[in-house]
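Letter by letter, the chains look like this.
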Amino acid sequence: MSKIIASAAIRGAHKIFRRAEESYKEAIERFGPDQEVGFPNTAYYLPIIYAITGIAISKLGEMRKVLDLCAKMIPPPVREKVALPYLAPALDAGMATFFAEEMIEAIRYLDNSCTYLANSEDVDLAAYGASMNGTKAGLWLGAANDVIFRKRGVEFVDGTAPGFAAIVGAAPDSETAQKIALELQEKNLYVFMCGENGGKRFSEQLVEAGVQIGWPTRLVPFGPDISQAVFAIGFACRVAMAFGGIKPGDFRRNLIYNKDRTYAFVLALGDVTDEWYANAAGAINWGFPTIADTPIPEVLPTGICTYEHVVSNVPHNQIVQKAIETRGLKVQVAKVPIPVSYGPAFEGERVRGEDIFLEMGGGRTVAVEWTTSKRMEEIEDGRVEVIGPDVADVAPGTRLHFAMVAEVAGRNFQEDFEPILERQNHHLINQAQGIMHIGQRDIAWIRISKAAVEKGFTLTHIGKIIHAKYHQDFGAIFDKVQIKIYTEEADVRQVLGLARASYEHRDARIEGMTDEDVDTFYSCILCQSFAPNHVCIVSPERTGLCGAYNWLDCRASNEINPDGPNQPVKKGECTDERYGQFEGCNDYIRKASRQNVQSVSLYSLMVDPMTTCGCCECIAAVLPMCNAIMTVDRDFTDMTPCGMKFTSLAGSVGGGAQTPGFLGHSKYNIAQRKFLKGDGGLLRIAWMPKRLKDEMYERIKKRGEELGCPNLPEMIADETVATTEEQVLEYITEKGHPCLGMEDLF
Ligand code: SF4
Ligand code: ZN
């Protein structure tokens, strides 16, 4: 701990201790040692003292032994600049501070030197505050009685409230106070207020701004002085005893319980006095850090608190975010904040023809989605920006380009998690009523219906969905996400370039790994909401047909969410090497497809091909006359030599059924070594769209060389030389394509 803070905390502890001694002396003289003391209607006595020491104070005279204990706990005052090498002396001083303050507060209840409102839930503090007209009396609630405590405390346990912010002091003005309070409320935190700064108090500022305060709004004005911080800490101690089953006096477990489960922190607003330091030091015992708006010395090294202990000089517009990060609190977004209904029920719904207000992607415009990681300080959680025209700026039936960049940061975030989050966009966006989402990466396709637009849906809401749902479903792996949506073509193309480089980088990680290297493949059933029997088996040499999940991604996804859509599948015995059939895979497939699929080949489209769902990047189909196979990607919208366009191919095979002769696959898979191995491999491919061939040129060429056919890309026909099967046959015959010499497909 910073030496300066340690000495200030110890000085503060001495001051508060002296005050406690004085109050005690006066009270004894006035009331005598047998006078009953305590907080109203509670079975927890003075709860911090009770929780930490096990001492149940019910009579004034019993305070003596705790005062003596405090005297032992507070180290002798240190002069500024004297080194104090350990955190421990300041922590003890902080703990003694809380003991002393609890006794001061209990005596106040005796002599009525602070007037508290009736300790009831229903007091309308806003009305009260307004009529108060500047007078200070009676805004304060004091310690929560056991009725309130049980009702509110259970919310700390069942997750309704992750914790609390103890606000000490006051904001520079009531508008800032209002903003900070709102931000904390949005995070479902309780706000416990005490202390003053420059004659102002945070709770009074809220009343001034017309904010409703009191237990029902979670904005709780405990009292006007710093010593009422004990009502907040005491609340946490009671939660551990009442709901955590922790015995009074078991201080270690009480502190650990709160450190692990109560997401609390102190926001120190204003000049930090010695007394404030002492309270901050006390809070560190429970793992509650202090975030200050003034430039006090920081205590950055981590130890007791999850991260830093004291962070200072934080601007008001960042203070809540900073506190949340420092405390390691995971943001909960309870409801997806959009003007249309949201849920799995709307996932399969289509938006067609006349209903379309706005369309993006689907081959006619560019639509790309990219989730990428950034440094913590670069991200403002929840920020959504739309750069370019939005719904309000266009006429019904418009097509726009679209690029969505989700920038994610987290103390525990790994680059490997990017594709996993990104792949969720599809079903997350689809769950909004009146919004249709197909595809992923650079083949996304979004339609927004007129009905949704009428209800007020805009592109911003797509970002809101991503923010809310990433937090809900994947909060464990990241802390912050901000979303940028671009709709001007130039911007979109720029994102496209960056995203593609990143996709390539992700794809290449799997390069060189073989199916023989591992004994476990992974399943993916993420697409079962659309194609109920569809199961992808993802092996190192067969990436998922959406192109967005390879074996490494599935493995990472399974680590994050062991019960999730990606399960390890033991290969088991290989029953057919040529087609790639494995006993373990087949056992799994039967179960996961509810007996609809009995066995699959990993390496064939002719024999037991894998099922195909609607997100495949490409679909391969047999060209019987050529004794060959063609493949077409989603971006190619013209007729293909098999007599079907991509859309009709997807329509007929993309529902999750096994369709021999057809197979959905990813682009990357085309040049993976096991691609269609059972059917002759890459050498069997006789046609593909020119753009796809160009995109894959280097990899196809390299793979062709490995297979003894260095000119393979030139031998594969495309739409510039052949649009019918006859023309394909003519072309490949002329080029001497290797498929002509292969065994018959049928
Ligand atoms: Fe998973 Fe396959 Fe759907 Fe991709 S296509 S998300 S790998 S089930
Ligand atoms: Zn799918």
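Residues numbered from 1 in each chain as written. Chains lettered and ligands numbered in written order. Predicted model: local features only at pLDDT ≥ 70, side-chain atom pairs only at ≥ 80, totals over all residues. Heavy atoms only, no water.

A. Examining the coordination of the zinc ion (ligand 2) more closely. Donor atoms from the polypeptide that bind the zinc ion (ligand 2) are C527 (SG), C613 (SG) and C615 (SG), placed at 1.9 to 2.2 Å. Here the donor residues for the zinc ion (ligand 2) map to a single chain with the spacing C-x85-C-x1-C. With a gap of 88 residues between them, C527 in the loop between strand 15 (520–524) and strand 16 (536–538) and C615 in the loop between helix 18 (583–592) and strand 20 (618–623) connect regions that are remote in the sequence. Here the two residues C527 and C615 agree in accessibility, since each one is buried. (Donors = N, O, S within 2.8 Å, 3.2 Å for Na, K, Ca; no water. Helix = DSSP H or I, 4+ residues; strand = E, 2+ residues; numbered from the N terminus. Buried < 20%, exposed > 50% of the residue type's maximum accessible area, 1.4 Å probe, protein only.)

B. Focus on unusual backbone geometry. Even without being a glycine, N313 presents a positive backbone phi close to 60°. Along the polypeptide, N313 turns up in the loop between strand 6 (310–311) and helix 12 (319–327). Phi is positive for L676, which is not a glycine, with a value near 50°. Residue position: L676 is located in the loop between strand 22 (662–665) and strand 23 (685–687).

C. Region of interest: the packing of helix 4 (residues 88–111) against helix 11 (residues 274–284). In the contact formed by helix 4 and helix 11, the axes pass within 7 Å of each other and the chain directions differ by 105°. With respect to helix 11, the axis of helix 4 lies roughly perpendicular. For the pair helix 4 and helix 11, the contacting residues are A90, L91, G94, M95, T97, F98 and E101 in the first and A278, N279, A281, G282, A283 and I284 in the second. Grouping the amino acids of the contact of helix 4 with helix 11 by side-chain chemistry returns eight nonpolar, four polar and one charged. (Axes fitted to C-alpha atoms, helices over the stretch in contact; angles between N-to-C directions. Parallel < 35°, antiparallel > 145°, perpendicular 65-115°, else oblique. Contact = heavy atoms within 4.5 Å. Nonpolar A, V, L, I, M, F, W, Y, C, P; charged D, E, K, R; others polar.)

D. Structural context of the pairing of strand 14 (residues 480–486). Among the seven residues of strand 14, seven are classified as buried, and the element is accordingly described as predominantly covered. The pairing of strand 9 (residues 384–387) with strand 14 spans four bridges and is parallel. Following the sheet pairing, V384 is matched in strand 14 by I483. Pairing geometry for strand 11 (residues 402–409) and strand 14, over seven bridges, is antiparallel. Paired with A403 across the two strands is Y486, which belongs to strand 14. (Pairing = 2+ DSSP bridges.)

E. Highlighting the sheet that holds strand 13 (residues 445–449). One open sheet holds the four strands; their spatial order is 10-7-13-12, and the pairing between them is mixed. Each end of this open sheet is capped by a strand with a single partner; those strands are strand 10 (398–400) and strand 12 (435–438). Neighbouring strand axes in the sheet, compared pairwise and without regard to direction, differ in orientation by 15° on average. Sheet topology places strand 12 next to strand 13; four bridges connect them, and they run antiparallel. Paired with M436 across the two strands is R447, which belongs to strand 13.

F. Geometry of helix 4. Taking 1.5 Å of rise per residue, 24 residues should cover 34 Å, and helix 4 covers 35 Å from first to last C-alpha, within 8% of that figure. For helix 4, a buried count of 20 out of 24 residues is recorded, marking the element as mostly surrounded by other parts of the structure. (Expected span 1.5 Å × (residues − 1).)

G. Region of the structure containing the packing of aromatic side chains. Going through the model one piece at a time under the given rule, you end up with 25 aromatic pairs. Seen from their ring centres, F149 and F243 are 5.7 Å apart, and the 40° between their planes marks the pair as tilted. Residue F149 is found in helix 6 (residues 146–158), and its partner F243 is found in the loop between helix 9 (229–242) and helix 10 (251–261); the two are separated by 94 residues along the sequence. Just above the ring of F149 sits the side chain of R238; from NZ or CZ to the centre is 4.6 Å. Here the basic side chain of R699 rests over the ring of Y668, its NZ or CZ set 3.8 Å away from the ring centre. (Phe/Tyr/Trp six-rings, centres within 6.5 Å; stacked < 30°, edge-to-face > 60°. Lys NZ or Arg CZ within 6 Å of the ring centre and 35° of its normal.)

H. Region of interest: the packing of helix 3 (residues 63–73) against helix 4. Two elements in contact, helix 3 and helix 4, have axes separated by 9 Å at closest approach and are oriented at 155°. Accordingly, the angle class assigned to the pair helix 3 and helix 4 is roughly antiparallel. For the element pair helix 3 and helix 4, the recorded crossing hand is left-handed. Residues M63, V66, L67, L69, C70 and M73 of helix 3 lie in contact with helix 4, whose contacting residues are D92, A93, M95, A96, F99, A100, M103, A106 and I107. (Left-handed = near helix turned anticlockwise from the far one by under 90°.)

I. Region of interest: the site of ligand 1. Around ligand 1 sit R423, C524, L526, C527, H534, C536, G544, L545, C546, Y549 and C613, and those are all the residues in its vicinity. Residue classes in the shell around ligand 1 are distributed as eight nonpolar, two polar and one charged. (Near = heavy atom within 4 Å.)

J. Up close: the sheet that holds strand 6. Read from one edge to the other, the open sheet built from six strands follows the order 3-2-1-4-5-6, with strand pairing classed as parallel. Strands at the two margins of the open sheet, each flanked by one partner only, are strand 3 (219–221) and strand 6. Sheet topology places strand 1 (residues 164–169) next to strand 2 (residues 190–194); five bridges connect them, and they run parallel. Residue V168 lies in a different strand from strand 2, and its bridge partner there is C194. Where helix 7 (residues 174–186) meets the sheet, it contacts strand 1, strand 2, strand 3 and strand 4 (265–269), and its direction lies at approximately 170° from that of strand 4.

K. Structural detail: the side chain of T611. Structurally, T611 can be placed in the loop between helix 18 and strand 20. For T611, a relative accessible area of 2% translates into the label buried. Within the structure, T611 has its side chain in polar contact with the side chain of H534 (distance 2.8 Å). Only 3.4 Å separates the side chain of T611 from the backbone nitrogen of V535, close enough to count as a polar contact. Apart from the residues within four sequence positions on either side, T611 is in contact with N533, H534, V535, L545, V597, G656, A657 and Q658. (Polar contact = N/O pair within 3.5 Å; in protein donor to acceptor, adjacent residues only side chain to side chain.)

L. Focus on the environment of T487. Structurally, the position occupied by T487 is in the loop between strand 14 and helix 16 (489–508). Judged by its relative accessible area of 3%, T487 falls in the buried class. Sequence spacing of T487 and A367 is 120 residues, and the spatial spacing of their C-alpha atoms is 9.1 Å. When neighbours within four sequence positions are excluded, T487 is seen to be in contact with I387, G388, P389, L400, H401, L459 and V492. Polar side-chain contacts of T487 include one of 2.8 Å to the backbone oxygen of P389.

M. Region of interest: the environment of T543. Topologically, T543 is positioned in the loop between strand 16 and helix 17 (551–560). A relative accessible area of 4% means that T543 is categorised as buried. Sequence separation between T543 and N669 is 126 residues; the distance between their C-alpha atoms is 6.1 Å. Among the polar contacts listed, one links the side chain of T543 to the side chain of S666, at a separation of 2.7 Å.

N. Quick peek at helix 10. Regarding helix 10, the residues found buried are N254, L255, Y257 and N258. Buried residues in helix 10, looked at end-on, bunch into an arc of 160°, giving them a common side. (Arc of directions from axis to C-beta.)

O. Local environment of the pattern of salt bridges. All chains considered together, the criterion is met by 40 salt bridges. Taking the shortest distance from any N to any O, the salt bridge between E204 and R201 comes out at 3.5 Å. Judged by relative accessible area, E204 falls into the buried class, the value being 13%. Its relative accessible area of 13% is what places R201 among the buried residues. Residue R375 pairs with E377 through a salt bridge whose shortest N-O separation is 3.0 Å. As far as the burial class goes, R375 and E377 line up, both exposed. (Salt bridge = Lys/Arg side-chain N within 4 Å of Asp/Glu carboxyl O.)

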